[in-house]
Amino acid sequence: MGIASFRTGTEALHGVARLGVATVFPQAVGLGATRDEDPLHTARLGTAYCRGPAGEYDLAAFRPIVASGAATGAMAAYNLVNGRPCRVSPLIEDELRCGAGQTGHESFVVSDEEAPCNLVELEHYFEDHAASHAAALKAGIDSFTDHREDRATVIGRLREALERGLIEEEDVNRAVRRQLQLRFRLGEFDPDLDPYAGIGPEVIDCPEHRTLALRAATEPVVLLKNDGLLPLDPQRAPRIAVIGPHVDALYEDWYSGTMPYQVGIATGLRAALADGDVVRVPGADRIRLLSRTSGKPLGGTAFDVQEWGDGVLTLCDAGTGGYLGVQDDAALVADRALLTSWFVDETFRLEPDPDAEDETFLLRNVRTGRYAARDPADGRVRVTAESPETAERWQRELLRDGQAEARAAAEEADVAIVVLGNHPMINGWETEDRTGIDLPEPQEALLRAVAAVLDRIHAASDRLEGIAARRRAETLHNDIWTEPLFAGRHPAHEAETWAVLADGPWRLPGDLDLIGTPLDFLGVNFYRPLTVAAAPHRVADPGQRTAVDIGVAELDPYGTRQSTMGRPVVPSAFTELLCGLHVRYPQSPPIWITENGSAEADTVAPDGRIHDPDRIGCLAEHLAAVADAMAAGVDVRGYYAWSLLDNFEWARGYDRRFGLVHVDYDTLARTPTDSYRWYRGPITAHRARTEEPAR
């Protein structure tokens, strides 16, 4: 009859799949989010959802689509509804085809791949395939997507069903009629009338399709907050670090075509910010797995390891980038550039050796559940061990610390963009539910490490709102001074911190050049660390806020002694501050500690002396903290204790005493404290070591 073969199994969920190069759109969940939010439509969706569990389930959402004729057919799902597989459900005729009846066309219904044989092999709903195929055909399945290119098996099962009287020729004819009707509607048998005949392969990757794909990829994006950080300005933030497992990644899935071009986040930023310097840092540890038996590394190479949650990880060859996976013969080979197969053989767990006290691991494949073992015949490693007892033991040798690399990149950058999230083919996809919605812990740790760069101010919470609060406080207390002085720019997060107050006519051309005039030294005052949490602004209108109204609250989680100023005494934070300045501004001038001391409740004892052991302890611990910073390479040239005499404190008047010498404000009598006498010791010792005059 000259009727061509009819292909089943092609997908077009978000672009034509598995037929070569094609325009690829976002996953269905992304396409579903492309519409702007409509409160009325959202209310309708909520109403339909609430009615669903009351009896309508989810059929109501599809009835208008079928009744309009927009859907020419449907695919029955794998799952069961009310205990019956969808491929043999009466809902196909009673709901789907009845709903489409007014369109004048019969709906064409197909099975999902391998779904017909699953009726017997996985679901055990029928005893044999002839019976299952007969039931599916009579229920309304018109096309069996089963056994790939092997037509003989499916046809043989239907022929057996016919011979056993389970179906009649009319059942077959009805399915053939529906298929031919659809092909007529597509214009296949009337080339002159076929509206699609003039569309050739030249439309693939055409400018119009690129524009549409970009729009489809852009509109699902939700910007949760922007305090002025975006859009990025390469003039103010010329160095950008893109960090994380998805820095430049684009993924395919079971429903994807081959992408004609790829623009990941880092690549897109390079193109958009032509004057900027964009660096890519995946943040993955680089390791070798050394066999305890032979001492040789697995695969003779190193691997970049990413963990995706629940202990599931991937291992990519450090040289080729290929994913390590299990082959049909159970061998381990790193030859997959992308994870796109229905069955993912490239995920593993490194499980601690239950019989060892040292850092020894077993390598276990997630899909098979088997462990890697050395074949005694040829020495090759295969995933064949059913239990830990026969598995190979491995030592994890760290070659590169991904988190440290990410932190270093953030320290060198003006802006760090951290790209985190799940992998579409791991820990949650079709047939596999995710166990939670949190980021994998290694990704959370990576985010915290990047956010903690120059963490002289601490966040009370490691969640994003806490990190953002710390960033605003850092900008107010430190970056507003150090960035113009030593980096020649205004703070990267000033717009986020002060909104409309961040810039204005008070800034003049040449300001940064003047501010950046080389200094002889940097003076640092230190009394306490600062921990902040996100809090409401005191004034809602950003234009009416003061410069210190930055949406943070100060906390004291340290549990240490406080001075009479209410300041926690944490000397280690002093070392952290000095080392942070040294790392971030390696070309900065020498540092002098221009203020450091402690306010105490000084009183004259019966013996006529001022005993202030807390001040002595504070001075000793902070001098030790400075020494620790110097040992780490910080160039500190001098230290001034605050203060020689009790004085009028600009914020608290005469009721707080910092002096090494006590002052009676009524008589002006001056009495050296115990700390005064103690402090002579460090001065004398320093003079003896350096043979320099005391400062």
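Now for a description of the structure that goes with this document. In this text the structure is predicted, and so the values were computed from the model without any measurement.

1. Some thoughts on the overall build of the protein chain
Helices and strands together make up the secondary structure of the protein chain, namely 18 helices and 25 strands. What you see for the protein chain is a C-alpha radius of gyration of 35 Å, clearly larger than the 26 Å of a compact globule of 695 residues, by over 25%. Considering only C-alpha atoms, the protein chain reaches an extent of 120 × 70 × 50 Å along its principal axes. Counting only residues that meet the buried cut, the protein chain has 39% of its 695 residues in that class. Sequence-distant contacts, at least 24 apart, represent 62% of the contacts inside the protein chain between residues at least 6 apart. Summed over its atoms, the accessible surface of the protein chain is roughly 38100 Å², and 55% of this surface lies on carbon and sulfur atoms.

2. Focus on the environment of Asp 646
With respect to the helices, strands and loops of the structure, Asp 646 is situated in the loop between strand E23 (636–639) and strand E24 (661–663). As a C-alpha pair, Asp 646 and Leu 508 span 138 residues in sequence and 41 Å in three-dimensional space. Once residues within four sequence positions are removed from consideration, Asp 646 is found in contact with Arg 657, Phe 658, Gly 659, Val 661, His 662, Val 663 and Tyr 665.

3. Digging into the side chain of Gln 179
Inspection of the secondary structure assignment puts Gln 179 in helix H8 (residues 169–185). The residues touching Gln 179, leaving out its near neighbours within four places in the chain, are Phe 6 and Phe 108.

4. Digging into the sheet that holds E23
Overall, parallel pairing links the three strands, which are arranged E19-E22-E23 in an open sheet. Of all strands in the sheet, those with a lone pairing partner are strand E19 (522–525) and E23, marking the two edges. The average undirected angle you get between the axes of adjacent strands in this sheet is 30°. Summarising the sheet, strand E22 (residues 591–595) and E23 pair through three bridges and their orientation is parallel. By the bridge assignment, Ile 591 is partnered in E23 with Val 636. The strands touched by helix H16 (residues 571–584) within the sheet are E19 and E22, with E22 carrying the most contacts at an inclination of about 140°.

5. Details of empty space enclosed by the protein
Tallied over the entire structure, the rule returns three cavities of 30 Å³ or more. Of the voids in this model, the largest cavity is the one considered here, and its volume is about 70 Å³. Residue composition of the lining of the largest cavity, by class: six nonpolar, four polar and one charged. Of the voids in this model, the second largest cavity is the one considered here, and its volume is about 60 Å³. If you go around the second largest cavity, the residues you meet are Gly 69, Ala 71, Thr 72, Ala 100, Thr 103, His 105, Glu 106, Ser 107 and Arg 185. Of the residues that constitute the lining of the second largest cavity, the class distribution is two nonpolar, five polar and two charged.

6. Some thoughts on the sheet that holds strand E6 (residues 277–281)
With parallel pairing, three strands are arranged side by side in an open sheet as E6-E5-E17. Pairing within the sheet leaves two strands with one partner each, and these edge strands are E6 and strand E17 (415–418). Adjacent strand axes in the sheet meet at a mean angle of 20° when their direction is disregarded. Direction of pairing for strand E5 (residues 239–243) relative to E6: parallel, over a ladder of five bridges. Each residue of the ladder has a partner; that of Ile 240, found in E6, is Val 278. With respect to the sheet, helix H10 (residues 265–272) is in contact with E5, E6 and E17, its orientation differing from that of E6 by roughly 175°. Helix H11 (residues 402–412) contacts E5, E6 and E17 of the sheet and is inclined by roughly 160° relative to E5.

7. Quick look at helix H7 (residues 151–163)
Structural remark: α-helix, 3.6 residues per turn; residues separated by three or four positions point the same way. Between its terminal C-alpha atoms H7 stretches 18 Å, which fits the 18 Å expected from 13 residues at 1.5 Å a residue. Within the sequence span of H7, burial applies to Val 154, Arg 157, Leu 158 and Ala 161. Projected down its long axis, H7 shows its buried positions confined to an angular sector of 95°, all on one face. In H7, those exposed residues whose orientation departs by more than 90 degrees from the buried face are Arg 151, Ala 152 and Glu 163.

8. So, a nonpolar patch on the surface
A cluster of nonpolar side chains, Leu 186, Tyr 196 and Ile 199, forms an exposed patch at the surface whose accessible area comes to about 320 Å². Among the secondary structure elements, Ile 199 is positioned in the loop between H8 and helix H9 (207–218). Judged by relative accessible area, Ile 199 falls into the exposed class, the value being 53%.

9. Re unusual backbone geometry
With an omega dihedral of 0°, the bond running from Trp 642 to Ser 643 counts as a cis peptide bond. Secondary-structure assignment places Ser 643 in the loop between E23 and E24. For Asp 205, which is not a glycine, the phi torsion comes out positive at approximately 65°. Here Asp 205 is to be found in the loop between H8 and H9. By relative accessible area, Asp 205 is classed as partly exposed at 24%. Its identity is not glycine, yet Leu 668 carries a phi of approximately 65°, on the positive side. Examined against the element boundaries, Leu 668 turns out to sit in the loop between E24 and strand E25 (670–672).

10. Comments concerning the nonpolar core
Counting 22 residues, the largest nonpolar core has Phe 574, Leu 578, Ile 591 and Ile 593 as its most contacted members. Those elements giving two or more residues to this core turn out to be E19, H16, E22, helix H17 (613–631) and E23. If you tally residues by element for this core, the top one is H16, at five residues. Once residues within four sequence positions are removed from consideration, Ile 591 is found in contact with Leu 522, Val 524, Leu 578, Leu 581, Val 634, Asp 635, Val 636, Arg 637 and Gly 638. Residues Leu 96, Leu 119, Leu 137 and Ile 167 belong to the second largest nonpolar core, which totals 20 residues.

11. Description of the pattern of salt bridges
If you walk through the whole model with that rule in mind, you get 46 salt bridges. Ionic pairing is found between Arg 561 and Glu 600, a salt bridge with its closest N-O pair at 3.2 Å. Of this pair, Arg 561 sits in the loop between strand E21 (552–555) and H16 while Glu 600 sits in the loop between E22 and H17; the two residues are 39 residues apart in sequence, bridging distant segments of the chain. Residue classification places Glu 600 among the buried residues on the basis of a relative accessible area of 9%.

What counts, and where the lines are drawn
Residues numbered from 1 in each chain as written. Predicted model: local features only at pLDDT ≥ 70, side-chain atom pairs only at ≥ 80, totals over all residues. Heavy atoms only, no water. Helix = DSSP H or I, 4+ residues; strand = E, 2+ residues; numbered from the N terminus. Rg over C-alpha atoms; globule rule 2.2 N^0.38 Å. Buried < 20%, exposed > 50% of the residue type's maximum accessible area, 1.4 Å probe, protein only. Contact = heavy atoms within 4.5 Å. Areas by Shrake-Rupley, 256 points an atom, 1.4 Å probe, with all protein chains shown as cover. Pairing = 2+ DSSP bridges. Axes fitted to C-alpha atoms, helices over the stretch in contact; angles between N-to-C directions. 1 Å grid on protein atoms, 1.4 Å probe; cavity = no way out; pocket = protein on both sides within 12 Å on 5 of 7 lines; lining within 4 Å. Points joined across faces, edges and corners; volume = space filled by probe spheres on them. Nonpolar A, V, L, I, M, F, W, Y, C, P; charged D, E, K, R; others polar. Expected span 1.5 Å × (residues − 1). Arc of directions from axis to C-beta. Patch = residues over 30% accessible without salt bridge, like charges linked within 9 Å, V, L, I, M, F, W, Y side chains within 5 Å. Salt bridge = Lys/Arg side-chain N within 4 Å of Asp/Glu carboxyl O. Core = buried A, V, L, I, M, F, W, Y, C linked by side-chain atoms within 4.5 Å.

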